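Observations on chain architecture
Listed below, chain by chain, are the residues.
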Amino acid sequence: MAQQQITLPAPFDAHVHLRQGNLMRLVTPHVELGGVRMAFVMPNLVPPLTTPSQTLAYVKDLQSVAPNLHILPSLYLTNQLTPEHIREAKQGGIVGVKSYPRGVTTNSEGGVGMEGYAVYDEVFAEMEKQDMVLNLHGEVPSDVDGDGTCVLNAEERFIPHLREINRKFPKLRIVLEHCTTAAAVEAVKSLPANVVATITPHHLSLTIDGACSTSLGFCKPLAKFPSDRAALRAAVRSGSPKFFLGSDSAPHPSSSKLPALHVAQIVAEDGTSTEEVTLPSPCAAGIYTSSHLIPLTAEIFERSDIPLERLEGFCSRFGREFYGFPAKEGDEVTIRRVEGGKKVDKAFKYEKEGQGDEWVIPFLAGETIGWEVC
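Numbers given for residues are sequential positions, taken from 1 along each chain in its written order. Only residues with pLDDT of at least 70 get local features here, since the model is predicted, and only at 80 or more are side-chain atom pairs given and counted; chain-wide, interface and lining totals rely on the full set of residues. Side-chain measures were taken over the full set of non-hydrogen atoms in the model, leaving aside hydrogen atoms and water.

1. Considering the sheet that holds strand β16 (residues 368-373)
- Spatially, the 3 strands line up as an open sheet ordered β1-β13-β16, and their pairing is antiparallel. The open sheet has two edge strands with one neighbour each: β1 (5-9) and β16. Averaged over all pairs of adjacent strands, the angle between their axes in this sheet comes to 30°, without regard to strand direction.
- The pairing criterion is simple: DSSP has to find at least two bridges between the two strands. Numbering of helices and strands runs from the N terminus; a helix is a DSSP stretch of H or I covering at least four residues, while a strand is a stretch of E covering at least two. In this sheet, strand β13 (residues 332-343) lies alongside β1 in antiparallel orientation, the contact comprising 5 bridges. Its bridge partner being in β13, proline 9 is matched across the sheet by glutamate 332.
- Relative to the sheet, helix α11 (residues 293-303) contacts β1, β13 and β16, its axis offset from that of β16 by approximately 135°.
- Should any heavy atoms of two residues lie within 4.5 Å, those residues are considered in contact. Interaxial angle, 0 to 180 degrees, is taken between N-to-C directions of lines fitted to C-alpha atoms, where a helix line uses only the stretch in contact. Relative to the sheet, helix α12 (residues 311-323) contacts β1 and β13, its axis offset from that of β1 by approximately 5°.

2. Let's talk about the packing of aromatic side chains
- Centre distance within 6.5 Å is the pairing criterion for rings of Phe, Tyr and Trp, where only the six-membered ring of Trp is used; planes under 30 degrees apart are then read as stacked, over 60 as edge-to-face, and the remainder as tilted. Going through the model one piece at a time under the given rule, you end up with 11 aromatic pairs.
- Judged by centre distance (5.4 Å) and plane angle (85°), the rings of phenylalanine 12 and tyrosine 323 are edge-to-face. Of this pair, phenylalanine 12 sits in strand β2 (residues 12-16) while tyrosine 323 sits in helix α12, and the two are 311 residues apart along the sequence. Side by side, phenylalanine 12 and tyrosine 323 carry an identical accessibility label, which is buried.
- Relative to tyrosine 120, the ring of tyrosine 117 lies with its centre 6.5 Å away and its plane at 55°, an arrangement referred to as tilted. There is no split in this pair, since tyrosine 117 and tyrosine 120 are both buried. With a 1.4 Å probe rolled over the protein chains alone, any residue whose accessible area is under 20% of its type maximum counts as buried; one over 50% counts as exposed, and the rest are partly exposed.

3. So, unusual backbone geometry
- In this structure, proline 47 follows valine 46 across a cis peptide bond, with omega equal to -5°.
- Structurally, proline 47 is set in the loop between β3 (38-41) and α2 (52-65).
- The amide bond that connects lysine 220 to the next residue, proline 221, takes the cis arrangement and shows omega of -5°.
- Here proline 221 lies in the loop between α8 (208-213) and α9 (226-237).
- With phi around 50°, aspartate 248 is a residue other than glycine that occupies positive phi space.
- Assignment of secondary structure puts aspartate 248 in the loop between β10 (243-245) and α10 (254-257).
- Among the residues examined, aspartate 248 registers a relative accessible area of 7% and is labelled buried.

Set out below in structure tokens:
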């Protein structure tokens, strides 16, 4: 008989975007509603969180709308970050520093470019000393007309950087975030226990076909080939503690995910009218899953032939052990199977500052999944 109910010790999402303003006020409470009790929060805001004081002020904003959520804050890696900042961050309770490849994803213009990572050696050395975590968006910037780097091979071409950082700083704790390729899985497996990876539910579900057939499936890093998805599923199925949940839940206004052509009638002083056409902006990269994350993960496990008994390690234990925050007794989360299934919300409404109503569209919007949080 199929398992009807699962209790997990305080699930941990090791990679989530909670944004700013009214969007933050919408999605931050969703984290707990989706079954998560602790979250590692990304720093790529506008402006990015490049100093400890900025990060700690942001944590207060988040706690004002989700006081019971255990927030693990992070700093944005830039060439202005110093060893002194790292010591200050550690004293303030900041647990990680996030590296973005320049211009590759949302608000990553201040990230790491073609100069590579050696310029950060002093910062990484201090992080190793302070036992802070380096969180790597594991891609290199595209250089289509140069060395041929593009969205499909950018992760694999990042792996030498991962190995070099680990070689120089063998005790530095490193997370290769939202890995999408078989090459990344094999690299993480080959490296020491202090080098791990997060995997998203949507990358366990999507391949390049799903990522390209609709803008709602577009994310960075892009979902890859069926063989890559199979490698991700096998890594989770194996029960290795090196791979755990990091949703990369990334909410965007629906107008950014579904950009449209706009035509306006312009009336001149003489009364004549012309049409002014505004072309759509590029589609935002990101998939939103916080609102139903743990039930969604159970659903995708079943669709992917991953045993449900792997949920506890993947969603709770492995990530908490790596970050050093064991689950507290009494903070369990139970999900139950829903007879006939439960439909995922099609959209969540909020007021975009100065621009009227907007919506966030979640992953599998309108589809039926078989689990819910009790």
